[in-house]
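# Structure assessment
This is what each chain is made of:
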Amino acid sequence: LLGYIGIDTIIEQMRKKTMKTGFDFNIMVVGHSGLGKSTLVNTLFKSQVSRKSAGWARDEKIPKTVEIKTVSHVIEEGGVKMKLTVVDTPGFGDQINNDNCWEPISKYINEQFEKFLKEEVNITRKKRIPDTRVHCCLYFIPPTGHCLRQLDTEFMRRLSHSVNIIPVIAKADTMTMEERLEFKQRVKKELETNGIEFYPQKEFDDDMEDKSDNDKIREVMPFAVVGSDKEHQVNSKRVLGRKTPWGIIEVENPNHCEFAQLRDFLIRSHLQDLKEVTHNIHYETYRAKRLNENGG
Ligand code: GDP
Ligand code: MG
């Protein structure tokens, strides 16, 4: 090569574009009420992005069917704007009969695909199609220590081909370290025997490096997480944590729980990939199916 061409400036050009336009990120939370869904999302984004159930144990009204509630916020960091939409699913798993709990959620996910498809096939297309597609679904497994319930396996099995599912063990501070480990092994085994594919899916690892990075992540999944909106004083520092009979559980301390690992994975290493898998795999599957229906 004789002289510099400047191909590598593409990275700077992309950076500038992203700075200007920002990006959409849509995260859904699923699990029965009181599992700490809203708290965890607020802990992840360090702000009140999801409404916490007020006085949840007593006066919170549990809807009679599964509802879909979305709240959007613009979060900015280092000049980059993220339009975050939290999709909450109150009522899931709260009924006497939870047989078809997954249905309204599946319907919502497909409706967002349909919206995107309609915009794409328009003769006059928008310069940038607003993206409401769900990029990631955090599925909260109750910290029971028992088996997964049929509700859990049914939901994940049915939706794993239309959304990136990330299972987490909720309220991990209610279990001892040994209990967590044992429960995690059990859950892993059950996910495997039920053939449930969660994100990051093995079949979409791009290369050996990807595979080895993702293998490490899959090994620790499902993350045993703790959320909190209360600060505590630990060694002259203010940290988010929960007070337990054994002391303060620090949310971001990797020796205390796996919240930090979940955050790093979700936001710092795989956010772009979550968006790409949603577009290239899940949306593409939907699109192909729809266009086939019309053409056939
Ligand atoms: P949601 O109904 O799933 O959205 O649950 P909330 O986030 O509203 O939390 C329900 C209750 O559980 C609140 O009293 C929270 O303070 C509490 N909570 C939230 N996260 C945790 C956690 O990780 N561990 C424990 N022990 N309690 C939590
Ligand atoms: Mg909530």
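Source: prediction; values computed, not measured.

### Side note on helix H3 (residues 102-121)
Look at H3: 29 Å from first C-alpha to last across 20 residues, which is about the 28 Å you get at 1.5 Å a residue. Buried within H3 we find Trp102, Ile105, Ser106, Tyr108, Ile109, Gln112, Phe113, Glu114, Phe116, Leu117 and Glu119.

### Observations concerning the sheet that holds strand E8 (residues 237-244)
Within a sheet, neighbouring strands are paired by backbone hydrogen bonds and run either parallel or antiparallel to one another. Strand order in the open sheet formed by three strands is E7-E8-E9, and the pairing between neighbours is antiparallel. The two strands at the open ends of the sheet, each matched to only one other strand, are strand E7 (231-234) and strand E9 (247-250). Looking at each pair of strands side by side, their axes are set apart by 70° on average, direction ignored. Note: E8 against E9, four bridges, orientation antiparallel. Paired with lysine 243 across the two strands is isoleucine 248, which belongs to E9.

### Structural notes on the packing of aromatic side chains
Summed over the entire model, instances satisfying the criterion amount to eight aromatic pairs. Ring geometry for tyrosine 139 versus phenylalanine 155: centroids 5.1 Å apart, planes at 20°, classification stacked. Of this pair, tyrosine 139 sits in strand E4 (residues 136-141) while phenylalanine 155 sits in helix H4 (residues 150-159), and the two are 16 residues apart along the sequence. When the ring centre of phenylalanine 116 is taken as reference, the NZ or CZ atom of arginine 133 above it lies at 3.6 Å.

### Some thoughts on the pattern of salt bridges
What the rule picks out here adds up to 22 salt bridges. Here arginine 149 ties to aspartate 152 by a salt bridge, and the two come within 2.7 Å at their closest N and O atoms. Aspartate 173 is the partner of arginine 242 in a salt bridge, and the nearest nitrogen-oxygen pair spans 3.9 Å. Of this pair, arginine 242 sits in strand E8 while aspartate 173 sits in the loop between strand E5 (165-169) and helix H5 (177-193); the two residues are 69 residues apart in sequence, bridging distant segments of the chain. Given the relative accessible area of 12%, aspartate 173 is considered buried. Within this structure, Lys46, Glu252, Arg263, Asp264 and Arg268 form a network of salt bridges that share partners.

### Looking at a negative patch on the surface
A contiguous patch of negative charge on the surface is contributed by Asp206, Asp207, Glu209, Asp213 and Glu276. Inspection of the secondary structure assignment puts aspartate 206 in the loop between H5 and helix H6 (208-220). Judged by relative accessible area, aspartate 206 falls into the exposed class, the value being 66%.

### Side note on the confidence of the model for the chain
Where the model shows low pLDDT, its predicted coordinates should not be examined in detail. Mean pLDDT over the chain stands at 92; residues scoring 70 or higher make up 96%. Scored as a complex, the prediction yields pTM 0.94 and ipTM 0.99.

### Here we look at the environment of threonine 89
Looking at where threonine 89 falls in the secondary structure, it is placed in the loop between strand E3 (80-88) and H3. Exposure remark for threonine 89: the relative accessible area of 0% places this residue in the buried category. Spatially, the C-alpha atom of threonine 89 lies 8.8 Å from that of threonine 70, the residues being 19 residues apart in sequence. Once residues within four sequence positions are removed from consideration, threonine 89 is found in contact with Met28, Val29, Val30, Gly31, Val66, Glu67, Ile68 and Ile105.

Calculation rules
- Every chain's residues receive numbers from 1 upward, in the order its sequence appears when written.
- Starting at A for chains and at 1 for ligands, labels are handed out in the order in which the entities are written.
- Reporting of local features is limited, given that this is a predicted model, to residues whose pLDDT is at least 70; pairs of side-chain atoms are given and counted only at 80 or more, and all residues count toward the totals for whole chains, interfaces and linings.
- Excluded from the side-chain calculations are hydrogens and water; all other atoms, namely the structure's heavy atoms, are used.
- To qualify as a helix, a DSSP run of H or I must reach at least 4 residues; to qualify as a strand, a run of E must reach at least 2; elements of each kind are numbered from the N terminus.
- Under the convention used throughout, the expected extent of a helix is 1.5 Å for every residue step, that is, one less than its residue count.
- Only protein chains enter the accessibility calculation, which uses a 1.4 Å probe; a residue whose area is less than 20% of its type maximum is buried, one above 50% is exposed, and one in between is partly exposed.
- Two strands qualify as a pair provided that DSSP identifies no fewer than 2 bridges between them.
- Axis lines are fitted to C-alpha atoms, over the contacting stretch for helices. Their N-to-C directions set the angle, which ranges from 0 to 180 degrees.
- For this analysis, a ring pair means two rings from Phe, Tyr or Trp (six-membered ring only for Trp) whose centres lie within 6.5 Å, classed as stacked if their planes differ by under 30 degrees, edge-to-face if by over 60, and tilted for the remaining angles.
- For a ring to carry a charge above it, either NZ of a lysine or CZ of an arginine must fall within 6 Å of the ring centroid while also lying within 35 degrees of the normal to the ring plane.
- By convention in these notes, a salt bridge is any Lys or Arg side-chain nitrogen within 4 Å of a carboxyl oxygen on Asp or Glu.
- Residues with no salt bridge and a relative accessible area higher than 30% make up the patches, which join like charges within 9 Å and nonpolar side chains (Val, Leu, Ile, Met, Phe, Trp, Tyr) within 5 Å.
- Computed with the Shrake-Rupley method and a 1.4 Å probe, the accessible areas treat only the protein chains shown as cover for residues.
- Here Asp and Glu are counted as negative and Lys and Arg as positive; His is not counted, and neither are the chain ends.
- Working definition for charges: the position is that of NZ of Lys, CZ of Arg, CG of Asp or CD of Glu.
- Values of pLDDT, the confidence the predictor places in each residue, fall between 0 and 100.
- Note on contacts: a residue pair is in contact if any heavy atoms of the two residues lie within 4.5 Å.

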